[in-house]
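In case you want the letters, here they are:
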Amino acid sequence: RSIPRRCRARLAAGGRRGAAAAAVLVPLCSVRGRPALLFTLRSRRLGGPHSGDVSFPGGRRDPGDGDSVATALRETREELGLALGPPSVWGQLRMVAPVVANLGPLEDLTLTPNPDEVEEVFTMPLAHLLREENQGYTHFRTAGRYSYTLPVFLNGPHKVWGLTAIITELTLELLAPDHYRLKTHTPRHSSMV
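Criteria and thresholds
- Residues numbered from 1 in each chain as written.
- Predicted model: local features only at pLDDT ≥ 70, side-chain atom pairs only at ≥ 80, totals over all residues.
- Heavy atoms only, no water.
- Helix = DSSP H or I, 4+ residues; strand = E, 2+ residues; numbered from the N terminus.
- Buried < 20%, exposed > 50% of the residue type's maximum accessible area, 1.4 Å probe, protein only.
- Areas by Shrake-Rupley, 256 points an atom, 1.4 Å probe, with all protein chains shown as cover.
- Pairing = 2+ DSSP bridges.
- Phe/Tyr/Trp six-rings, centres within 6.5 Å; stacked < 30°, edge-to-face > 60°.
- Core = buried A, V, L, I, M, F, W, Y, C linked by side-chain atoms within 4.5 Å.
- Contact = heavy atoms within 4.5 Å.
- Salt bridge = Lys/Arg side-chain N within 4 Å of Asp/Glu carboxyl O.

The name given to the protein in an unreviewed UniProt entry is Nudix hydrolase 8, and the organism recorded there is Strix occidentalis caurina.

The structure is reproduced here in structure tokens:
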């Protein structure tokens, strides 16, 4: 069975439906024929604790958004100038509202990042993300005891961490189940997978 068909079936069986307060797009693409994920570096103009962080395109739901997919697609259009239609969407993961979509070859797209929201756009090949030397983990303690572990993915000057790293990890497990297994323990983990 093809990867898109297998992934769509898994997402349909376990994904969320409806509208969440916010949604992100997990942009699958290829770069020179190699599968990759597209990330953004949030503009420092945004201010706040997450400006300058690596992220996926996304944001808060607008009243006119019919569901989380509409929110993710609208935010991607606003941030990257990229208009995607429903055929690109594979489905939703079960946390926040990450919407998985296939952009196709990046060379065929024209991205026009909004400088007020996006400082930089870059990709990480799946092969790079799947290499153990590019994976790290942060262990957290609460009240002096081990509490949970979260993933970190390294790529030159960019470090993918926090919620974006958790979504990246879930996406790797979805796309490459024979090569990647969740290695982290997160609070209320079972509700995120």
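From this point, the narrative continues.
## Examining the overall build of the protein
Assigned secondary structure in the protein consists of four helices and 10 strands. Along the protein, helices (α) and strands (β) appear in the sequence α-β-β-β-β-α-β-β-β-α-β-β-β-α when read from the amino end. Per-residue burial for the protein yields a buried fraction of 48% across its 193 residues. Working note: accessible area of the protein is about 9900 Å², and carbon and sulfur atoms make up 53% of it.

## Quick word on the pairing of strand S1 (residues 22-31)
The side chains of a regular strand alternate, residue by residue, between the two faces of the sheet. In terms of residue burial, S1 counts as a mostly covered element, since nine of its 10 residues are buried. As defined by bridge partners, S1 adjoins strand S4 (residues 58-60) across three bridges and the pair is classed as antiparallel. Residue pairing across strands places Ala 23 opposite Gly 59, the latter belonging to S4. Relative to strand S6 (residues 98-105), S1 is paired through six bridges, and the arrangement is parallel. Along S6, the bridge assignment pairs Val 26 with Val 100. Note that S1 and strand S2 (residues 34-42) share four bridges and pair antiparallel. Residue Ser 30 lies in a different strand from S2, and its bridge partner there is Pro 35.

## Section: the packing of aromatic side chains
The full count for this structure, using the stated rule, is two aromatic pairs. A ring pair is formed by Phe 39 and Phe 56, whose centres lie 4.9 Å apart and whose planes are at 20°; its orientation type is stacked. With Phe 39 in strand S2 and Phe 56 in the loop between strand S3 (54-55) and S4, this pair connects stretches of sequence that are 17 residues apart. On the basis of relative accessibility, which here comes to 0%, the residue Phe 39 falls in the buried class. Note on Phe 56: relative accessible area 4%, which makes it buried. A ring pair is formed by Phe 39 and Phe 122, whose centres lie 5.7 Å apart and whose planes are at 20°; its orientation type is stacked. Remark: Phe 122 occurs in strand S7 (residues 118-125) and Phe 39 occurs in strand S2; sequence separation between them is 83 residues. Neither Phe 39 nor Phe 122 differs from the other in exposure class; each is buried. Grouped by ring-pair contacts, the aromatic residues Phe 39, Phe 56 and Phe 122 constitute a single cluster.

## Brief notes about the environment of Asn 134
Locating Asn 134 in the fold gives a position in the loop between helix H3 (126-130) and strand S8 (135-142). Sequence-wise, Asn 134 and Lys 159 are 25 residues apart; in three dimensions their C-alpha atoms are separated by 9.8 Å.

## Topic: the nonpolar core
Leu 37, Phe 39, Trp 90, Val 100, Leu 129, Phe 153 and Val 160 are the most contacted members of the largest nonpolar core, which has 28 residues in total. Of all the secondary structure elements, the ones that give two or more residues to this core are helix H1 (3-14), S1, S2, S7, H3, strand S9 (145-155) and helix H4 (162-175). Considering each element in turn, this core owes the most residues, seven residues, to H4. Not counting residues up to four positions away in its chain, the partners in contact with Leu 129 are Leu 37, Met 124, Gln 135, Phe 153, Thr 168 and Leu 172. In terms of nonpolar packing, the next biggest core, distinct from the first, is built from 19 residues, Ala 20, Leu 38, Ala 97 and Val 118 among them.

## What to know about the pattern of salt bridges
Applying the stated criterion across every chain yields a total of four salt bridges. Salt-bridge contacts for Arg 74 lead to Asp 62; the nearest nitrogen and oxygen are separated by 3.4 Å. Of this pair, Arg 74 sits in helix H2 (residues 68-80) while Asp 62 is found in the loop between S4 and H2, placing the two residues 12 residues apart along the sequence. Residue Asp 62 is classed as partly exposed on the basis of its relative accessible area of 32%. According to the relative accessible area criterion, Arg 74 is buried, its value standing at 8%.

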